[in-house]
Amino acid sequence: MIYADNAATTKMSAAAVKTLTELIGTTYGNPSSLYTFGQEAKEVLEQARADVAASIGADPKEIIFTSGGSEADNQALISAASIGARKNKKHIIPTKFEHHAILHTLNKLEKEGFEITLLDVHENGLVRPEEVENAIREDTALVTVMYANNEIGTIQPIREIGAICRKHGVIFHTDAVQAVGHIKVNVEEDNIDMLSASGHKFHGPKGTGFLYAKKGIALTNLIEGGAQERGKRAGTENVPGIAAMAVALKESVAALDDYKAKLTPVRDRIIKGLSEIPHSALNGDFEHRVPSNINFCFEGIEGESLLLLLDDKGIAASSGSACTSGSLDPSHVLLAIGRVHDVAHGSLRLSLGEDITDEDADYIVKSVKEVVEYLRGFSPVWRDLVAGKGTFIL
Ligand SMILES: *Cc1c(COP(=O)(O)O)cnc(C)c1O
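Draft legend 1. Examining empty space enclosed by the protein more closely. One pass over the full model with this rule turns up one cavity of 30 Å³ or more. Here the largest cavity defines a volume of roughly 80 Å³. As for the largest cavity, its lining consists of Asn6, Ala7, Asn149, Asn150, Gln178, His182, Val290, Ser292, Asn293 and Ser351. The residues that make up the lining of the largest cavity include at least three from each of domain 1 (14-254) and domain 2 (256-386).

Draft legend 2. Expanded view of the environment of alanine 218. Of note, alanine 218 is situated in the loop between β8 (209-213) and α7 (239-254). The spatial distance from the C-alpha of alanine 218 to the C-alpha of serine 79 is 7.0 Å, given a sequence separation of 139 residues. Contact partners of alanine 218, with chain neighbours within four places excluded, come to Ser79, Ile83 and Arg86.

Draft legend 3. A look at the site of the ligand. As a structural note, the neighbourhood of the ligand is formed by 13 residues, with Ser70, Asp175, Gln178, Ser198 and Lys201 the closest of them. Interatomic distance of 2.8 Å between a backbone N/O atom of glycine 69 and an oxygen atom of the ligand. Interatomic distance of 2.6 Å between a side-chain N/O atom of serine 198 and an oxygen atom of the ligand. In the complex, the protein chains occlude 86% of the 380 Å² of accessible area that the ligand would expose alone. Here the shell around the ligand takes three residues from helix α3 (residues 69-86), the largest share from any one element. When grouped by side-chain class, the residues that make up the shell around the ligand number two nonpolar, eight polar and three charged.

Draft legend 4. A nonpolar patch on the surface, seen in detail. Together, Tyr28, Tyr35 and Phe37 line one region of the surface with nonpolar side chains, adding up to about 370 Å² of accessible area. Looking at the secondary structure, you find phenylalanine 37 in helix α2 (residues 36-56). By relative accessible area, which is 37% here, phenylalanine 37 ends up partly exposed.

Draft legend 5. Geometry of the sheet that holds strand β10 (residues 293-298). Taken together, the three strands give an open sheet; going across it, the order is β9-β10-β12, and neighbouring strands pair in antiparallel fashion. A single partner strand is all that each edge strand has here, and the edge strands are β9 (280-282) and β12 (347-351). Across the sheet, the mean angle from the axis of one strand to that of its neighbour is 20 degrees, orientation sign disregarded. Note: β9 against β10, three bridges, orientation antiparallel. Along β10, the bridge assignment pairs serine 280 with phenylalanine 298. Packing against the sheet, helix α8 (residues 256-275) makes contact with β9, β10 and β12, and its axis sits at approximately 10 degrees to β10.

Calculation notes
Positions within a chain are numbered from 1, following the residues in the order the chain's sequence is written. Side-chain atom pairs in this predicted model are given and counted only at pLDDT of 80 or more, local residue features only at pLDDT of at least 70, and totals for whole chains, interfaces and linings cover all residues. Heavy atoms throughout the structure, all of them, feed into the side-chain values; hydrogens and water do not. Using a grid of 1 Å spacing that covers the protein atoms alone, one calls a set of points a cavity when a 1.4 Å probe fits there but cannot get out, and a pocket when the set is open and has protein on both sides within 12 Å along at least five of seven lines; lining residues are those with an atom within 4 Å of a point. Grid points are joined across faces, edges and corners, and a volume is the space filled by probe spheres set on the points. Domain start and end points were adopted from an automatic or database domain assignment. Every helix listed is a DSSP run of H or I at least four residues long, and every strand listed is a run of E at least two residues long, numbered separately from the N terminus. Contacts are assigned to residue pairs with any non-hydrogen atoms lying within 4.5 Å of each other. Any residue with a non-hydrogen atom lying within 4 Å of a molecule or strand is treated as near it. Definition of a polar contact: a pair of N or O atoms within 3.5 Å, with one able to donate and the other able to accept a hydrogen when the atoms are protein atoms, and with sequence-neighbouring residues admitted only if both atoms are side-chain atoms. Methods summary: accessible areas were calculated by the Shrake-Rupley approach with a probe of 1.4 Å, and residue burial reflects only the protein chains presented. Gly is placed with the polar residues, together with every amino acid not listed as nonpolar (Ala, Val, Leu, Ile, Met, Phe, Trp, Tyr, Cys and Pro) or charged (Asp, Glu, Lys and Arg). Patches in this entry comprise residues that are over 30% relatively accessible and not in a salt bridge; like charges within 9 Å are linked, as are nonpolar side chains (Val, Leu, Ile, Met, Phe, Trp, Tyr) within 5 Å. A side-chain nitrogen of Lys or Arg and a carboxyl oxygen of Asp or Glu constitute a salt bridge if their distance falls within 4 Å. A 1.4 Å probe rolled over the protein chains alone gives each residue an accessible area, and that area as a share of the maximum for its type sets the label: buried under 20%, exposed over 50%, partly exposed in between. At least two DSSP bridges between two strands are needed for those strands to be called paired. Working convention: axes come from line fits to C-alpha atoms, limited for helices to the stretch in contact. Angles between N-to-C directions cover 0 to 180 degrees.

Don't take any of this as a statement about function, it's just geometry.
If you want it as structure tokens, here you go:
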């Protein structure tokens, strides 16, 4: 079994599992309680906050814990929108290929009277800083650009975009769920005002995450109640989960160089192998790409069938095609980089984990080649293309 869907979720690290299970049994006090039992939990919580903050170059006071990346994204956008609204700034600049946690929150804000300017993502899967600058207006409240895309793995010019936002006094948020723990992220150096991250994307537990908000940025609560998290996120903290997330993040950040050195050659081995398939194309820039991500389109096939047949061969992968969610819409990310519907349907995302080997890579390439050929064998679209009744796009 080869697990190649680490962008969907990762396996918890041994140290994270150990921390989680130990703390569940021992440190069950309520961190808001004043007796020793509670204060022990509080200490664990604050140590986790310090570790998380240090891993991205932030101050512990700038971190609040959330239930994951989606919640952090929602809270970041809603907070920046209400800061803007107070100054009569109701314009927001996202990109076309943001995660749905961003796009769906923006739909809601649009209904409340905010104006949204969706930035283009170019064929290489990159946003251009000068286009961010051109889109900024007097009434712009927020720019939100994801650090690394979850489908095609492209790494955005975050530092440059952040500098532009600073220059114009606009709040800059980044959904860094696919970046934190995978590539170096530093909120100071990268000029980031707000950042979202998720524990289960870097070997921490599901249902954990955090939001960084630079000192001076007032957060709006999504959850009202007690005064936890500086009064910005009510509810008794998931202490074991948060501590396990912090352990996983510390480990991942300490291993970033090894991670890159190990995964990049395996990634490129697979990219090279899959490129040999006729009428196929790599999605997203080759250079500006997280070490784990491979995303291809294969003309004349359907991603869904590809996944099921790869599963039979013991490979867990993903497709940009959203058929699984009951919709026939192809991935908005692939459409944003200019893939037409038919081509976007035949996509495959492989997101590698640290345990991948060259043998696994070769097995993946061999299996994908076989399955693509097999599926094309009875694809009417492919038959027409081969018969010259249509034109190949790739
Ligand atoms: C997974 C993911 C999210 C959502 O994170 P959850 O912790 O699952 O809520 C948000 N943005 C990106 C880019 C992601 O990959």
